[in-house]
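# Observations on chain architecture
Here is what each chain is made of, one letter per residue.
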Number of protein chains: 2
Amino acid sequence: MSDTLSPEPKGAAAGDADEPAKPLRIGLAGLGTVGCGLIDLINRNGDLIARRAGRRFAVSAVSARNRHQRRDVDVSPYPWRDNPLDIADPADVDVVVELIGGADGPALAIARAALSRGLPLVTANKALIAHHGAELATLAESTGTSLHFEAGVAGGIPIVKTLKEGLAANRIDGFKGILNGTANFILTLMEETGSTFEAALAKAQEEGYAEADPSFDIDGVDAAHKTAILTSLAFGVAPDMGQLPVEGIRAVSHVDIRYARELGYRIKLLGLARMTEAGLDQRVQACLIPTDATLAKVGGVSNAIQIHGNFAGPTLVEGLGAGAGPTASAVAADLIDVARGQGGSTFSQPAKDFANVAMLAAEARRGAFYVRLRVTDRTGVMAQVATAMRDGEVSMERMIQGTPEADGSVHMIITTHETSEAQMQTVIDRFKALDTVLEEPCVLRIEHS
Amino acid sequence: MSDTLSPEPKGAAAGDADEPAKPLRIGLAGLGTVGCGLIDLINRNGDLIARRAGRRFAVSAVSARNRHQRRDVDVSPYPWRDNPLDIADPADVDVVVELIGGADGPALAIARAALSRGLPLVTANKALIAHHGAELATLAESTGTSLHFEAGVAGGIPIVKTLKEGLAANRIDGFKGILNGTANFILTLMEETGSTFEAALAKAQEEGYAEADPSFDIDGVDAAHKTAILTSLAFGVAPDMGQLPVEGIRAVSHVDIRYARELGYRIKLLGLARMTEAGLDQRVQACLIPTDATLAKVGGVSNAIQIHGNFAGPTLVEGLGAGAGPTASAVAADLIDVARGQGGSTFSQPAKDFANVAMLAAEARRGAFYVRLRVTDRTGVMAQVATAMRDGEVSMERMIQGTPEADGSVHMIITTHETSEAQMQTVIDRFKALDTVLEEPCVLRIEHS
């Protein structure tokens, strides 16, 4: 720590009434939308932050790839560093904010630099934490500093704090969340307008909700980063992308959305984890949920997470998951914690105490399924399908046969009672072997609880 | 602090890897439902709490009115104190938990005793904080200790932490909440079954959701305590019950619920506060909210709070507002904060910095209204009512005339466009002066946003 700071414990709130507390000197790496949003927030809400945090925020070093890029805020008042690593200098800053992005590269380098020098790190970088969270937490604990990432999960919703602190006295039985606003926008638009996936994606891109390369959002990668982090917080395990099955929404057709509605469901991209007797069930998947379920009502770019604690019962948090304002709000909340001296463990507990929890084998997972087949419109097909299910010992719950199409094919929609992934896969293989099944079946999970 | 504690700052997490941290010694005053729930929680979740808090919880002194009462948990292992004030002894305990209840009496005495002796206090007592929060916060700050009351507002929902920390970087524009599960249960039942207020109240009492004397819940007092606390957290003012207009749900008839539904609304008991140009609008009232509003979907005994921050945007938190489990969860979360050394200000900022915010004069509040009149079923009455509104310069939005009743009276329902309370009151006075208006008009506010 620099000698301009009071001789209190690192990061402690300096709150003597007689002597104004020293400002919290912030080093900011990354001046994109969120970085500029943070500067805007500090400019506009600076007085109330000083009152609440016990000290003012002072941006004392900034860095970005391009110094002269047009930005929404004037960054010229802040000392510039050409090399982002130079920001992590305890002589100049009390805390480093990493808003560069990306799991590796300069983001990882600056995170390591800050933490190894004993500087607290605040980041909005979910990929960094999902991939390197355990290493960085261990590093922070070894130098006695802290690592904060509220902005990495669900933007303005204080879900990290809710799990780490608000529900800290509970055994968490599970959580289930809509964690990607882009995917939810697309699915909501498909449901509301009947448009195809491609048209809804184009609209999302047009409105600035989806990137030119949308794969992180629509293939579930972004939701998976967040799910891995929430799983760590909820179950005391290291974040581990390698143990997390991930599916996106590319395979969801407007036809599925229509049939799902007919059956009383909406399709949502969920990130979830729950403890079962056979291990931790953790995944990101487009799932059917009942139309009257709480998460079914979360539309557009909103995020929402349901958590079940063994004493608190069910809790829901909902809000804006992305954008400059919500993300800056979360970054600044972490900075207020740093200013107040509230560090604590990176995850719910020290990294050295991460549990070794068995994962539920994918094929052992049990649940109900939705299957859409495109079949030849011919007598006897239904008997073939029913036979395949009987032989595979999967019990059919409901069946819908669509209107025959011009090419002589027809959609057959099946929902099942609870079965295992393994049994369902056997039946899917039998379906695929039928010459009347014309294309790869669409298989989605139904989440009732 | 006792000499059995490490020489760290008061309440700091003792987390040296080589030496196990000293347990957090808890003094517990009050062994009713919540007190027993807390002991149950500590028994069942003790290991994970130790992992997350960095030290174990140890109940080291207990007190209650009746030592030999039958309880759900065995309290005989814990050192008993006949006088609850004896619990607040730094030689025996590191933190005092007050679960006695009541704004004054022993609860206030033990709170003062603990804080004046530098012991952190955790309480679930909303009345205590709503009435004496400013005094107790000042006391805590003067002795360098901390005061925690997460369990006082909305049970298992970490709303205090969300406002104090999660959204701390935001100027809060307003909040709006369903803060009393009993009132919400009654209103939900009236809507779902068409039952009268009296029948729904009896059912709530039968199911244990309402007390024998239900006035705290149905007259809005409980919701008002919570609203006063949330207003303090959101706007940096001292909690002040004297500045908070409070109405309950006794005046809401099943007839109102039916007409509200016909008009596209549900009736909910709301606690709300919002900053307006003319001052802080803060109140507890049964209001009509649009059927598709988020809070309209919160049924039964659930609690939910919507908050709007100037950077985070809208955030919603929802969960169980009462009961042993959720309340114990919140008390234990506060204890984990104490164990981790996370004290901070009692409210969002030090009590000495409470703002002096002008309250919106009741008559200046603007909004839309719902009015139900019982009138004589006679030609010309509608013209009288319309004339009264025109003369009072209140614009009618919609009007419904009900089916005439056997006694020759009929319900006339009116909704208005935005007007002021003062103007509306003028019109209500004109209505009451009409000899065709047979009883006191029912006047409810419509909350659109």
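Residues numbered from 1 in each chain as written. Chains lettered and ligands numbered in written order. Predicted model: local features only at pLDDT ≥ 70, side-chain atom pairs only at ≥ 80, totals over all residues. Heavy atoms only, no water.

Moving on: the interface of chain A and chain B. Opposite the 50 residues of chain A that make contact, chain B presents 50 residues. Together, Arg-52, Ala-169 and Phe-311 of chain A form the three largest contributors to the area buried by chain A at its contact with chain B, with a combined 18%. On inspection of chain A and its partner chain B, the count reaches 2 salt bridges. Taking the shortest distance from any N to any O, the salt bridge between Glu-165 of chain B and Lys-161 of chain A comes out at 2.7 Å. Summed over the shared surface of chain A and chain B, the result is 20 residue pairs in polar contact (both at pLDDT 80 or more). Elements supplying a minimum of two residues to the side of chain A that touches chain B: α1 (33–53), α4 (159–166), β10 (313–320) and α10 (324–340) of chain A. Considering each element in turn, the side of chain A that touches chain B owes the most residues, 9 residues, to α1 of chain A. (Contact = heavy atoms within 4.5 Å. Buried area = accessible area lost by both parts, 1.4 Å probe. Salt bridge = Lys/Arg side-chain N within 4 Å of Asp/Glu carboxyl O. Polar contact = N/O pair within 3.5 Å; in protein donor to acceptor, adjacent residues only side chain to side chain. Helix = DSSP H or I, 4+ residues; strand = E, 2+ residues; numbered from the N terminus.)

The UniProt record annotates "active site" (unreviewed entry) at Lys-226 of chain A. As for its placement among the helices and strands, Lys-226 of chain A is situated in helix α8 (residues 221–235). (UniProt positions renumbered as here; feature names shortened; annotations may be inferred.)

Counting 169 residues, the largest nonpolar core has Ile-159 and Ile-249 of chain A together with Ile-159 and Ile-249 of chain B as the members making the most contacts within it. Leaving out residues up to four positions away in the same chain, Ile-249 of chain A has contacts with Ala-183, Ile-186, Leu-187, Phe-197, Ile-218, Leu-269 and Ala-286 of chain A. (Core = buried A, V, L, I, M, F, W, Y, C linked by side-chain atoms within 4.5 Å. Buried < 20%, exposed > 50% of the residue type's maximum accessible area, 1.4 Å probe, protein only.)

Turning to its location among the elements, Asn-310 of chain A is positioned in the loop between β9 (302–309) and β10. Spatially, the C-alpha atom of Asn-310 of chain A lies 9.8 Å from that of Gly-174 of chain A, the residues being 136 residues apart in sequence. A distance of 2.9 Å separates the side chain of Asn-310 of chain A from the backbone nitrogen of Arg-171 of chain A, its partner in a polar contact. Engagement of the side chain of Asn-310 of chain A in a polar contact is seen with the side chain of Asn-45 of chain B, the distance being 2.9 Å.

The assigned domain composition of chain A is domain 1 (1–155 + 323–360), domain 2 (159–320) and domain 3 (363–446). The C-alpha-based centres of domain 1 of chain A and domain 3 of chain A are spaced at 51 Å. (Domains from an automatic or database assignment.)

Another aspect to go through is the sheet that holds strand β1 (residues 24–29) of chain B. Strand pairing within a sheet occurs via backbone hydrogen bonds; the two strands may be parallel or antiparallel. Residue and element names in this part refer to chain B. If you trace the 5 strands from one edge of the open sheet to the other, you get β2-β1-β3-β4-β5, paired in parallel fashion. Single-partner strands in this sheet number two, and they are β2 (57–63) and β5 (147–148). Here β1 pairs with β2 via 6 bridges, running parallel. Pairing of Leu-28 across the sheet is with Val-62, part of β2. (Pairing = 2+ DSSP bridges.)

All right, on to the packing of α4 of chain A against helix α4 (residues 159–166) of chain B then. Taken N-terminus to C-terminus, the directions of α4 of chain A and α4 of chain B make an angle of 125°; their axes are 11 Å apart at the nearest point. On the basis of the axis angle, α4 of chain A is oblique to α4 of chain B. As for how α4 of chain A packs across α4 of chain B, the hand of that crossing is right-handed. Of α4 of chain B, the residues touching α4 of chain A (which contributes Lys-161, Glu-165 and Gly-166 of chain A) are Lys-161, Glu-165 and Gly-166 of chain B. (Axes fitted to C-alpha atoms, helices over the stretch in contact; angles between N-to-C directions. Parallel < 35°, antiparallel > 145°, perpendicular 65-115°, else oblique. Left-handed = near helix turned anticlockwise from the far one by under 90°.)

What follows covers unusual backbone geometry. Its identity is not glycine, yet Glu-393 of chain A carries a phi of approximately 60°, on the positive side. Structurally, the position occupied by Glu-393 of chain A is in the loop between α11 (381–391) and β12 (396–401). Glu-393 of chain A sits in the exposed class, given a relative accessible area of 61%. Phi at Ala-154 of chain B is positive, roughly 60°, even though this residue is not glycine. By the secondary structure assignment, Ala-154 of chain B is in the loop between β5 and α4. Judged by relative accessible area, Ala-154 of chain B falls into the buried class, the value being 1%.

All names here are of chain A. With parallel pairing, the 5 strands of this open sheet are ordered in space as β2-β1-β3-β4-β5. The open sheet has two edge strands with one neighbour each: β2 (57–63) and β5 (147–148). This element, helix α2 (residues 105–116), spans β1 (24–29), β3 (95–98), β4 (121–123) and β5 of the sheet and lies at about 165° to β3.

When you tally the buried positions in α4 of chain B, you get 8 out of 8 residues, the bulk of the element. Every buried residue belonging to α4 of chain B is among Ile-159, Val-160, Lys-161, Thr-162, Leu-163, Lys-164, Glu-165 and Gly-166 of chain B, and all of these are buried.

As a further point, take the packing of aromatic side chains. Residue and element names in this part refer to chain A. For the structure on display, the rule yields 6 aromatic pairs over all chains. Centre to centre, the rings of Phe-185 and Tyr-209 are 4.8 Å apart; their planes meet at 55°, and the pair counts as tilted. You can see Phe-185 sitting in helix α5 (residues 181–193) and its partner Tyr-209 sitting in the loop between α6 (197–206) and α7 (215–218), a full 24 residues away along the chain. Residue classification places Tyr-209 among the partly exposed residues on the basis of a relative accessible area of 36%. Every member of this aromatic cluster is reached through a ring pair, and the members are Phe-149, Phe-347 and Phe-354. It is Arg-258 that lies over the ring of Tyr-259; its NZ or CZ is 5.2 Å from the centre. (Phe/Tyr/Trp six-rings, centres within 6.5 Å; stacked < 30°, edge-to-face > 60°. Lys NZ or Arg CZ within 6 Å of the ring centre and 35° of its normal.)

A separate point is the relation of the copies chain A and chain B. The operation relating chain A to chain B is a screw motion whose rotation component is 180°, with 0.0 Å of axial translation and a residual RMSD of 0.0 Å. The transformation relating the two chain copies, once decomposed into turn and shift, fits a two-fold axis. Residues of chain A ranked by C-alpha distance from the rotation axis are headed by Val-317 of chain A, positioned 2.3 Å from it. By residue overlap, the copies meet face to face through one surface: 100% of the interface positions of chain A are interface positions in chain B. (Least-squares fit on C-alpha atoms with pLDDT ≥ 70 in both.)

Time to look at the pattern of salt bridges. Close approach of charged atoms allows side chains with opposite charge to pair. Under the counting rule described, the total for this entry stands at 62 salt bridges over all chains. Arg-365 of chain A is the salt-bridge partner of Glu-421 of chain A, the closest N and O atoms lying 2.9 Å from each other. Here the residue Glu-421 of chain A occupies a position in helix α12 (residues 421–433), and Arg-365 of chain A occupies one in the loop between α10 and β11 (366–376), the gap between them amounting to 56 residues. Note that Lys-352 of chain B is salt-bridged to Asp-353 of chain B, the shortest N-O span being 3.4 Å. The structure contains a network of salt bridges with shared partners spanning Glu-247, Arg-274, Asp-281, Arg-283, Arg-365, Glu-421, Arg-445 and Glu-447 of chain A.

Note that predicted coordinates carrying low pLDDT should not be read in detail. Per-chain confidence: chain A averages 93 in pLDDT, with 96% of residues scoring 70 or above. Within the model, pLDDT remains below 50 along residues 1–17 of chain A, and this stretch shows 33 contacts once partners closer than five positions in the same chain are excluded. (pLDDT = per-residue confidence, 0-100.)

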